[in-house]
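Read off the chains here:
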Amino acid sequence: MNGHALATGRVDPEQFEALLVADVEAMPIAVANTLTSFQESPMDVFFLGELPSRQPGFANHEIGDAQVSTTLRALARGRQVANAAELAANIKPALKIEGGRDLRRVSRRYPGNTWAHLIVNRSVERASGKVAPTANNPPQFAYWFDAATGRLWPAATVETEGNYSLSLGPLESRFLLFTDRVLDSTSAPLSVELDSARDKAG
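Note that the coordinates shown come from a computational prediction; the quantities given were computed from them, not determined experimentally.

### Observations regarding the packing of aromatic side chains
The geometry of an aromatic ring pair is captured by the separation of the ring centres together with the interplanar angle, meaning the angle of the planes.
Right, so step 1: Counted according to the given criterion, the structure contains 2 aromatic pairs.
Right, so step 2: Both rings, one in F145 and one in F175, keep their centres 6.0 Å apart while their planes meet at 45°; by these two values the pair is tilted. With F145 in strand β8 (residues 141-146) and F175 in strand β11 (residues 173-179), this residue pair connects regions lying 30 residues apart in the sequence.
Right, so step 3: Among the residues examined, F145 registers a relative accessible area of 27% and is labelled partly exposed.
Right, so step 4: Summarising the aromatic geometry, the rings of Y164 and F178 are spaced 5.6 Å apart at their centres and angled 70° between planes, so their arrangement reads as edge-to-face. Placement of Y164 in strand β10 (residues 164-168) and of F178 in strand β11 is noted, with a sequence separation of 14 residues between them. Both residues of the pair, Y164 and F178, count as buried.
Right, so step 5: In this structure, R174 is placed above the aromatic ring of W144, and the distance from its NZ or CZ to the ring centre is 5.7 Å.

Here it is in structure tokens:
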């Protein structure tokens, strides 16, 4: 992502979880205004190091410098971080995982309020846990997708808890999709039904 893309409105904040502005001394006012517009989007904007305090170049620089400085100071309030660890602590993951310490996820947001979460079991043992989206307004429908078999089936939440139970075999992976579109789906594979029954029994 570069300044030109930001200045010309070519960055879709729906496709990113966060944007980091790191030690930028000069910034065009058009970019500063674009960053301000992102406040209404799901994407978080954070600042590391010194804030931009001036515009590039000298044309009308007194007015431009003041605009950039004022805009960025207001935007960065409560969004400045001192290091990578602080940044990581401030970024809210798109999917929360409880239990199953070997479960990891990679998430991607697509246009139209659609999310794809790849959940991976890094262990050579079976891993079980519960996952839940963290968005305030999550998409309407949820589906599991098994890339190994090509099967897609509706994901049902755990009653009263609002999260999704997951059990993966050794080194197994599965997608959890959230979308406002109805997708053509089937029933869950037999192996998943058996895993679910075993977890409930044990």
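### Thoughts on the side chain of N121
Right, so step 1: Mapping N121 onto the fold places it in strand β6 (residues 114-121).
Right, so step 2: Classification of N121 as buried rests on a relative accessible area of 0%.
Right, so step 3: Here the side chain of N121 touches S123 through a polar contact of 3.0 Å, landing on its backbone nitrogen.
Right, so step 4: At 2.9 Å, the side chain of N121 forms a polar contact with the backbone oxygen of E125.
Right, so step 5: Setting aside its immediate chain neighbours within four residues, N121 contacts D102, L103, R126, A127, L168, G169, P170, L171 and E172.

Rules used throughout
Residues numbered from 1 in each chain as written. Predicted model: local features only at pLDDT ≥ 70, side-chain atom pairs only at ≥ 80, totals over all residues. Heavy atoms only, no water. Phe/Tyr/Trp six-rings, centres within 6.5 Å; stacked < 30°, edge-to-face > 60°. Helix = DSSP H or I, 4+ residues; strand = E, 2+ residues; numbered from the N terminus. Buried < 20%, exposed > 50% of the residue type's maximum accessible area, 1.4 Å probe, protein only. Lys NZ or Arg CZ within 6 Å of the ring centre and 35° of its normal. Polar contact = N/O pair within 3.5 Å; in protein donor to acceptor, adjacent residues only side chain to side chain. Contact = heavy atoms within 4.5 Å.

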